[in-house]
Amino acid sequence: QVQLVESGGGWVQPGGSLRLSCAASGSITSIKPMGWFRQPPGKQRELVATISSGGFTNIADSVKGRFTISRINAQNTVYLQMNSLKPEDTAVYYCRMLLAPGTLWGQGTQVTVSS
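About the thresholds
- Residues numbered from 1 in each chain as written.
- Predicted model: local features only at pLDDT ≥ 70, side-chain atom pairs only at ≥ 80, totals over all residues.
- Heavy atoms only, no water.
- Helix = DSSP H or I, 4+ residues; strand = E, 2+ residues; numbered from the N terminus.
- Rg over C-alpha atoms; globule rule 2.2 N^0.38 Å.
- Contact = heavy atoms within 4.5 Å.
- Areas by Shrake-Rupley, 256 points an atom, 1.4 Å probe, with all protein chains shown as cover.
- Lys, Arg positive; Asp, Glu negative; His and termini not counted.
- Charge placed at Lys NZ, Arg CZ, Asp CG, Glu CD.
- Salt bridge = Lys/Arg side-chain N within 4 Å of Asp/Glu carboxyl O.
- Buried < 20%, exposed > 50% of the residue type's maximum accessible area, 1.4 Å probe, protein only.
- Core = buried A, V, L, I, M, F, W, Y, C linked by side-chain atoms within 4.5 Å.
- Pairing = 2+ DSSP bridges.
- Axes fitted to C-alpha atoms, helices over the stretch in contact; angles between N-to-C directions.

1. What to know about the overall build of the chain
The secondary structure content of the chain amounts to zero helices and eleven strands. Listing every helix and strand of the chain by position from the N terminus yields β-β-β-β-β-β-β-β-β-β-β. The C-alpha atoms of the chain give 14 Å as radius of gyration, which agrees with the globular expectation for 115 residues (13 Å, within 12%). If you take every contact in the chain between residues at least 6 apart in sequence, the share linking residues at least 24 apart comes to 53%. With the model as given, the accessible surface of the chain reaches about 6,000 Å², and the carbon-plus-sulfur share is 51%. When the 10 basic and 5 acidic side-chain charges of the chain are each reduced to a single mean position, those positions are 7 Å apart.

The following block contains the structure:
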């Protein structure tokens, strides 16, 4: 079946940058709304950014001005560019695709921001 494959996570110092990518494997016949969520240690999963099939974006206030979401529609591939990273950005980041019906999640990738 269709799966979401994530990459780009890792460790970075405060103020640094990371770029996460998420690509759908398998057969997809249409462009889907996609996005990124994250789950910090001991906290609930929270929305980071979303992008519609038409390219409309929504960025959480906590990361607005620092994070950017983009996509390549032909590949159902989504990127999350993370700049000026802070320790509080440390979390497991999950890629999400909205289906009709249902939701598909990636396996998650760890992002750690520390000095």
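2. As for the pattern of salt bridges
Scanning all chains against the criterion turns up four salt bridges. With a closest N to O distance of 2.9 Å, Asp89 and Arg38 form a salt bridge. Here Arg38 lies in strand β4 (residues 34-39) and Asp89 lies in the loop between β8 (77-82) and β9 (91-98), a separation of 51 residues in the sequence. We classify Asp89 as buried; its relative accessible area is 0%. Using a relative accessible area of 5% as the deciding quantity, one classes Arg38 as buried.

3. Description of the nonpolar core
Among the nonpolar cores identified, the biggest contains 28 residues, and Trp36, Leu80, Met82 and Tyr93 are the most heavily contacted of them. Going through the elements one at a time, β3 (18-25), β4, β5 (46-51), β7 (67-72), β8, β9 and β11 (109-113) are the ones with two or more residues in this core. Beyond its immediate chain neighbours, meaning those up to four positions away, Leu80 contacts Leu18, Arg19, Leu20, Trp36, Val48, Ala49, Phe67, Thr68, Ile69 and Tyr93.

4. What about the sheet that holds β8?
If you trace the four strands from one edge of the open sheet to the other, you get β1-β3-β8-β7, paired in antiparallel fashion. Of all the strands in the sheet, just β1 (3-7) and β7 have a single pairing partner and so form its edges. When strand polarity is set aside, the average angle formed by the axes of neighbouring strands in this sheet is 15 degrees. Where β3 meets β8, six bridges bridge the pair, whose relative direction is antiparallel. If you follow Ala23 over to β8, its bridge partner there is Thr77.

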